[in-house]
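Summary of the model geometry
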Amino acid sequence: MLQIIRQINEGRTLLMNAGVFLCVVAMLGLANLFCRFVLHADLSYLMPWLLGGAVLYVFGPPLVLWLLTGRSSRL
């Protein structure tokens, strides 16, 4: 199981994960604006769930690796 979590993390550091998360937040924001103004669909009720999923995917594996091995990346 530890090997699978390392593969999911792909050796990213905490700073790299924070950058990935900021990019995901920006893309979700743009998608929300597109849906609201172009498609006239309000998806604001879905955004907290999508952000929560992004947090779990980006910061979950390094947290588990840090708790189990003492390091959050392979380095």
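Treat the numbers as computed from the prediction; the structure is a model and nothing was measured. (Residues numbered from 1 in each chain as written. Predicted model: local features only at pLDDT ≥ 70, side-chain atom pairs only at ≥ 80, totals over all residues. Heavy atoms only, no water.)

Things to note about the overall build of the chain
- Assigned secondary structure in the chain consists of 3 helices and 0 strands.
- Element order for the chain, N to C, with α for helix and β for strand: α-α-α.
- The C-alpha radius of gyration computed for the chain amounts to 15 Å, which surpasses the reference 11 Å derived for 75 residues by more than 25%, pointing to a less compact arrangement than a globule.
- In terms of overall dimensions, the chain has C-alpha extents of about 45 × 20 × 15 Å along its principal axes. (Helix = DSSP H or I, 4+ residues; strand = E, 2+ residues; numbered from the N terminus. Rg over C-alpha atoms; globule rule 2.2 N^0.38 Å.)

Details of the environment of Leu30
- Residue position: Leu30 is located in helix H2 (residues 14-37).
- Taking C-alpha positions, Leu30 is 27 Å from Pro62, a pair spaced 32 residues apart along the chain.

Observations regarding the packing of H2 against helix H3 (residues 47-69)
- The geometry of H2 relative to H3 is characterised by a closest axis approach of 10 Å and an angle of 165° between their N-to-C directions. Classified by the angle their axes make, H2 and H3 are roughly antiparallel. As H2 packs across H3, the resulting crossing turns out to be right-handed. Contact with H2, carried on its side by Leu14, Asn17, Ala18, Val20, Phe21, Val24, Val25, Leu28 and Asn32, involves Met47, Leu50, Leu51, Ala54, Val55, Val58, Phe59 and Pro62 of H3 and no other residues of that element.
- In terms of residue class, the contact of H2 with H3 is built from 15 nonpolar, 2 polar and no charged. (Axes fitted to C-alpha atoms, helices over the stretch in contact; angles between N-to-C directions. Parallel < 35°, antiparallel > 145°, perpendicular 65-115°, else oblique. Left-handed = near helix turned anticlockwise from the far one by under 90°. Contact = heavy atoms within 4.5 Å. Nonpolar A, V, L, I, M, F, W, Y, C, P; charged D, E, K, R; others polar.)

Interpretation note: all reported values are geometric properties and have no functional meaning in isolation.
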